[in-house]
Amino acid sequence: MIRFDTLPNGVRVVTEHMPGLESASLGIWVTAGGRHERAEQNGIAHFLEHMAFKGTKRRTALQIAEQIEDVGGYLNAYTSREVTAYYARVLKNDVPLALDVIADIVLNPVFDAREIEVERGVILQEIGQALDTPDDVVFDWLQEVAFPDQPIGRSILGPAERVRGFGQRDLQGFVGEHYTPERMILAAAGAIDHDEIMRMAEAQFGHLPRGSWQAYEPAGFVGGERRELKSLEQVHFTLGLEGPSYGDDLIYTAQTYAGALGGGMSSRLFQELREKRGLCYSIYASAGAYSDTGMLTIYAGTSAEEVEGLALLTVDELKRAVDDMSADEVDRARAQMKAGLLMGLEGASARAERLARQVAIWNRVIPLDETVDKIDAVDLAGVRDFAATVVTQAKSALALYGPADTAPGLDTLRERLAA
């Protein structure tokens, strides 16, 4: 059973009781991520997430870890472009402890100067690791050229030169600006009682004063190209085209299209470019979304000798889907979407994540049946229409990393799409 309430100061509390479970997942999702940073703050939301575990007014960093692990629990956090989350998984009797620890790290961080320096080093190592992982960093570059000079286009980790300059005042400023009650969502799923969670939420967060609403910069897909030449074993090829936002029902069509195009071993791109022609080892397509925009992304890892043929044939497959995408392909992609959705919600952690994300986007929890109905409503005509809008887009983004000298440029790919 799902229940959703709001404290008088704006903190939203959403829970789902899951009969038969002995554990629970719960956390605080703050609608403040990378896209809410100013240019000079790029990377600070992620830095702040790291610092949450480095000590509070009531607990040292060691005590934070020990108190959760002493009861066999798990504590973690992540930062995305639109949200920062702090969450735990514990046995049902330890839910009060978990919520107390989470509230403590969110509301009472001390930002000790020595700990800031220690964690700065950790984050700089993380940035270095990302730069050494081509199939990760190329997606950051694709995001940057798709949304240039915009918060949503910047790296979540931030550039090393920014991270080196952050101090206590910067962290406190971001918290004061964005960690307000109306931007906090307490989500819990599993062996929980909603009324008990509400009582604890009131005790932990009810005293917080309301903040002022902070508007963020709307996203605008622009497109462009970034090519980084490096002596690697493979060329990492990414192509991006504008897609619908989470709030647009067209997202279900876009995700079905992406699934048929490159969502698995039976998909068009995998069969044509990998299985039939041997042009790559991995290739896939996905339709990602944000609150006000989205992006259809195609990724492939290929050799320097094959990258030109792969890029041109990828464009050809985009065009071919307009006319000969089949009903069987659409049915298969819809089945994969539904199975992925339902199988992914068999655990309490996934349920809590879903609750928080939906409240953040729609301020309500969409019943599973409603989502399944929207997936089932996607038909062949709609997918082909969407495919047609993809190939007629004037804007697209291309990022390449590796021995990409012979890869065709974005203008060439656009001309081939339009031909």
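Not measured: the values here are computed from a predicted model.

The subject of this paragraph is the overall build of the chain. Regarding its fold elements, the chain presents 16 helices and eleven strands. Expected size for 419 residues packed as a compact globule is a radius of gyration near 22 Å; at 23 Å, the chain falls within 12% of this value. With the C-alpha coordinates of the chain rotated into their principal frame, the extents come out at 65 × 50 × 40 Å. Going through the 419 residues of the chain one by one, you find that 53% of them count as buried. Long-range contacts, defined as pairs at least 24 residues apart, comprise 81% of the intrachain contacts of the chain with a sequence gap of at least 6. Total accessible area on the chain is roughly 17900 Å²; 50% of this is exposed by carbon and sulfur atoms. If you average the places of the 41 positive and of the 63 negative side-chain charges in the chain, the two averages end up 2 Å apart.

Once that is clear, we can look at the packing of helix α9 (residues 250-262) against helix α15 (residues 380-391). Direction vectors running N to C along α9 and α15 enclose 85°, while the axes themselves pass 9 Å from each other. Judged on the interaxial angle alone, α15 and α9 are roughly perpendicular. Contacts between α9 and α15 involve Leu 250, Thr 253, Ala 254, Thr 256 and Tyr 257 on the former and, on the latter, Gly 382, Val 383, Phe 386, Ala 387 and Val 390. Of the residues contributing to the contact of α9 with α15, the split by class is seven nonpolar, three polar and no charged.

Another point: helix α1 (residues 44-51). For α1, a buried count of eight out of eight residues is recorded, marking the element as mostly surrounded by other parts of the structure. Listed as buried for α1 are Ile 44, Ala 45, His 46, Phe 47, Leu 48, Glu 49, His 50 and Met 51. Against the buried residues of α1 lie β4 (74-79), β5 (84-91), α4 (113-131), α6 (160-163) and α7 (168-178).

The residue Gly 259 is located in helix α9 in this model. Under the relative-accessibility criterion, Gly 259 is labelled buried at 17%. As a C-alpha pair, Gly 259 and Ser 286 span 27 residues in sequence and 6.9 Å in three-dimensional space. Each residue touching Gly 259, except ones within four places of it in the same chain, is listed here: Gly 264, Ser 267, Ala 333 and Gln 336.

A separate point is the pairing of strand β2 (residues 12-17). In terms of burial, β2 is largely enclosed, as five of its six residues are buried. Both strand β1 (residues 2-6) and β2 contribute to a ladder of five bridges, which runs antiparallel. Note on β2: the bridge partner recorded for Phe 4 is Val 14. Between the end of β1 and the start of β2, which pair antiparallel, lie five residues, with Gly 10 showing a positive phi angle near 110°.

With that settled, consider the nonpolar core. In terms of nonpolar packing, the biggest core is built from 51 residues, with Tyr 86, Tyr 179, Met 184 and Phe 205 touching the most fellow members. At eight residues, helix α3 (residues 95-107) tops the list of elements feeding residues into this core. Listed in part, the 50 residues of the second largest apolar core include Tyr 257, Leu 273, Leu 313 and Met 325.

Bringing the sheet that holds strand β11 (residues 396-402) into the picture now. Adjacent strands of a sheet form backbone hydrogen bonds with each other and so pair up, either parallel or antiparallel. As summarised here, the arrangement of the five strands in space is β7-β11-β8-β10-β9, forming an open sheet in which the pairing is mixed. The two strands at the open ends of the sheet, each matched to only one other strand, are β7 (224-229) and β9 (282-289). With strand direction ignored, the average angle separating the axes of adjacent strands in the sheet is 10°. Relative to β11, strand β8 (residues 235-243) runs antiparallel, the two being bridged by six bridges. Looking at the pairing, Gly 240 lines up with Ala 397 of β11. Sheet strands touched by α9: β9 and β10 (294-302). Its angle to β9, the strand with the most contacts, is close to 175°. Of the strands in this sheet, β7, β8 and β11 touch helix α16 (residues 410-418), which is tilted by about 135° from β11.

Moving on to the pattern of salt bridges. Tallying each qualifying case throughout the model produces 31 salt bridges. Note that Glu 22 and Lys 92 form a salt bridge whose closest N and O atoms lie 3.4 Å from each other. Here Glu 22, found in the loop between β2 and β3 (23-30), pairs with Lys 92, found in the loop between β5 and α3; they are 70 residues apart in sequence, far enough to count as distant. For Glu 22, a relative accessible area of 49% gives the class partly exposed. Lys 92 gets classed as partly exposed once you look at its relative accessible area, which sits at 37%.

Attention now moves to the side chain of Gln 150. With respect to the secondary-structure elements, Gln 150 resides in the loop between α5 (134-146) and α6. The residues contacting Gln 150, other than those within four sequence positions of it, are Glu 217, Pro 218, Ala 219, Gly 220 and Val 222.

A few words on the side chain of Arg 120. Position of Arg 120 relative to the elements: it lies in helix α4. Here Arg 164 takes part through its backbone oxygen, which lies 3.1 Å from a polar atom of the side chain of Arg 120.

Strand order in the open sheet made by the six strands is β1-β2-β6-β3-β5-β4, with mixed pairing throughout. The sheet is open, and its two borders are formed by β1 and β4, each paired with just one other strand. This sheet shows a mean twist of 15° between the axes of neighbouring strands, independent of strand direction. Direction of pairing for β4 relative to β5: antiparallel, over a ladder of six bridges. Looking at the pairing, Leu 75 lines up with Ala 88 of β5. This element, α3, spans β3, β4, β5 and β6 (184-190) of the sheet and lies at about 160° to β5. Helix-sheet contacts for helix α13 (residues 348-362) involve β1, β2, β3, β4, β5 and β6, and the interaxial angle to β6 is about 150°.

Right, let's talk about the packing of α1 against α4 for a bit. At a minimum axis distance of 10 Å, the contact between α1 and α4 shows a crossing angle of 125°. Classified by the angle their axes make, α1 and α4 are oblique. Note that α1 runs across α4; the crossing there is right-handed. When α1 is examined against α4, the residues His 46, Phe 47, His 50 and Met 51 are found in contact with a partner set consisting of Glu 115, Ile 116, Glu 119, Arg 120, Val 122, Ile 123 and Glu 126. Of the residues in the contact of α1 with α4, the class split is five nonpolar, two polar and four charged.

Conventions adopted
Position numbers for residues start from 1 in each chain and track the written sequence from start to end. Since the coordinates come from a predicted model, pLDDT governs what is reported: local features require at least 70, and pairs of side-chain atoms require 80 or more to be given and counted, while whole-chain, interface and lining totals use all residues. To obtain the side-chain values, all non-hydrogen atoms of the structure were included, while hydrogens and water were left out. The numbering of helices and of strands both runs from the N terminus, where a helix is a DSSP run of H or I of at least 4 residues and a strand a run of E of at least 2. It is over C-alpha atoms that the radius of gyration is taken, and the globule rule equals 2.2 Å times the number of residues to the power 0.38. The classification of residues rests on relative accessible area computed with a 1.4 Å probe and restricted to protein chains. Under 20% of the type maximum is buried, over 50% is exposed, and intermediate values are partly exposed. Contacts are residue-level and defined by heavy atoms, with any inter-residue pair within 4.5 Å sufficient. Using a 1.4 Å probe, accessible areas were evaluated by the Shrake-Rupley method; residue-level cover was limited to the displayed protein chains. Positive charge is attributed to Lys and Arg, negative charge to Asp and Glu, and no charge count is given to His or to the chain ends. Every charge is mapped onto a representative atom, which is NZ of Lys, CZ of Arg, CG of Asp or CD of Glu. The convention used is that axes are lines fitted to C-alpha atoms, helices contributing only their stretch in contact, and that angles between N-to-C directions extend from 0 to 180 degrees. Small angles under 35 degrees read as roughly parallel and large ones over 145 as roughly antiparallel, with 65 to 115 read as roughly perpendicular and the rest as oblique. Gly counts as polar in this scheme, as do all residues outside two lists: the nonpolar Ala, Val, Leu, Ile, Met, Phe, Trp, Tyr, Cys and Pro, and the charged Asp, Glu, Lys and Arg. Two strands qualify as a pair provided DSSP detects at least 2 bridges between them. Within this scheme, the nonpolar core is defined by two criteria: the residues are buried Ala, Val, Leu, Ile, Met, Phe, Trp, Tyr or Cys, and they are joined through side-chain atoms within 4.5 Å. When a carboxyl oxygen of Asp or Glu is within 4 Å of a side-chain nitrogen of Lys or Arg, the pair counts as a salt bridge. For this analysis, a polar contact is any N or O atom pair within 3.5 Å, provided that within protein one partner can donate a hydrogen and the other can accept it, and provided that sequence-adjacent residues contribute only side-chain to side-chain pairs. Less than a right angle of anticlockwise turn of the near helix away from the far helix marks a crossing as left-handed, whereas a clockwise turn marks it as right-handed.

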